[in-house]
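One-letter residues, chain by chain:
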Amino acid sequence: MTTTKLKIRLEGDPCLRKKSSLVDDVGPGERILIQLMIDMMYQAEGVGLAAPQVGVNKRIFVIDIGEGPLIIINPKLLSKKGSQCLDEGCLSVPGVTINIKRPEKVFTQFLDQNNKQVKRWLEGLMARAFLHELDHLDGKLIIDYGTAEELTKFKEQLDKIHKKSKA
Ligand code: NI
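Remember, predicted model here, so these are calculated numbers, not experimental data.

*Asks:* Can you walk me through the coordination of the nickel ion in this structure?
*Replies:* Tetrahedral coordination by four donors places them ideally at 109.5 degrees to one another around the metal; octahedral coordination by six donors ideally gives 90 or 180 degrees. At this site the nickel ion is bound by Cys90 (SG), His132 (NE2) and His136 (NE2), with donor distances of 2.1 to 2.2 Å. Sequence positions of the donors to the nickel ion reduce to the motif C-x41-H-x3-H. Here the residue His132 and the residue His136 both occupy positions in helix 2 (residues 125–137), the gap between them amounting to four residues, near one helical turn. Residue His136 is classed as buried on the basis of its relative accessible area of 2%.

Put into structure tokens, the structure is as follows:
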């Protein structure tokens, strides 16, 4: 796998709509992929990036909300509390923001890059980022939450992205 082959996929790319597979074991290949994803996330100035966004349908994502990178493999949502609404963007749907209601706190389980199982409460922006990236692993995008009004507002931009994804 080389960096030149990896690029951020745009809405319209079938990779973004597939359900990603569980990772059996985090090996050297996964670690290389994770490092590339972290680099790409920083380069694109995003707060998270999921493997399907770079064309790899594995249940892996990375998040950095300004506290350093968090690597998440085979995530599970164990419980949730509260709710919060916020405008959300996505590197695969650039220039589009959708107001999404999500839980305020989530109790999560996942593997880290050393195959160690972690259980952790995440809250606020971290919880939001986790849920956004988890959606990516199940083929879901922010536009799926959009109201008819929002989708009309961004129609031109969405058409542009869609066209570009096929290029
Ligand atoms: Ni996204």
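*Asks:* Would you mind going over unusual backbone geometry with me for this structure?
*Replies:* Residues other than glycine predominantly adopt negative phi, and peptide bonds predominantly adopt the trans conformation. For Asn74, which is not glycine, the phi torsion reads 50° and is therefore positive. With respect to the helices and strands, the residue Asn74 is situated in strand 3 (residues 70–81). The class for Asn74 is buried, based on a relative accessible area of 16%. The residue Asn115 is not glycine, and still its phi comes out positive at about 65°. Position of Asn115 relative to the elements: it lies in the loop between strand 6 (105–111) and strand 7 (117–123). The class for Asn115 is partly exposed, based on a relative accessible area of 29%.

*Asks:* What exactly am I supposed to notice about the packing of aromatic side chains here?
*Replies:* Applying the stated criterion across every chain, the model contains two aromatic pairs. Measuring from ring centre to ring centre gives 5.5 Å for Phe61 and Phe130, while their planes differ by 80°; the resulting arrangement is edge-to-face. In this pair, Phe61 sits in strand 2 (residues 60–63) while Phe130 sits in helix 2, placing the two residues 69 residues apart along the sequence. Across the ring face of Trp121, the terminal group of Lys105 is positioned such that the distance to the ring centre comes to 5.3 Å.

*Asks:* Looking at this structure, how should I read the sheet that holds strand 2?
*Replies:* Spatially, five strands are ordered 1-2-3-6-7 in an open sheet, and the strand pairing comes out antiparallel. Each having just a single partner strand, strand 1 (48–50) and strand 7 make up the two edges of the open sheet. Each strand axis lies, on average, 40° off the axis of its neighbour in the sheet, ignoring direction. Inspection of the sheet shows strand 3 paired to strand 6 by six bridges, in the antiparallel sense. Considered in strand 6, the bridge of Lys80 is made with Val106. Sheet contacts for helix 1 (residues 28–43): strand 1, strand 2 and strand 3; angle to strand 2, the most-contacted strand, approximately 40°. Against the sheet, helix 2 contacts strand 1, strand 2, strand 3, strand 6 and strand 7, and its axis sits at roughly 155° relative to strand 2.

Calculation criteria
- Residues numbered from 1 in each chain as written.
- Predicted model: local features only at pLDDT ≥ 70, side-chain atom pairs only at ≥ 80, totals over all residues.
- Heavy atoms only, no water.
- Donors = N, O, S within 2.8 Å, 3.2 Å for Na, K, Ca; no water.
- Helix = DSSP H or I, 4+ residues; strand = E, 2+ residues; numbered from the N terminus.
- Buried < 20%, exposed > 50% of the residue type's maximum accessible area, 1.4 Å probe, protein only.
- Phe/Tyr/Trp six-rings, centres within 6.5 Å; stacked < 30°, edge-to-face > 60°.
- Lys NZ or Arg CZ within 6 Å of the ring centre and 35° of its normal.
- Pairing = 2+ DSSP bridges.
- Axes fitted to C-alpha atoms, helices over the stretch in contact; angles between N-to-C directions.
- Contact = heavy atoms within 4.5 Å.

Functional significance is not addressed by these values, which are geometric in nature.
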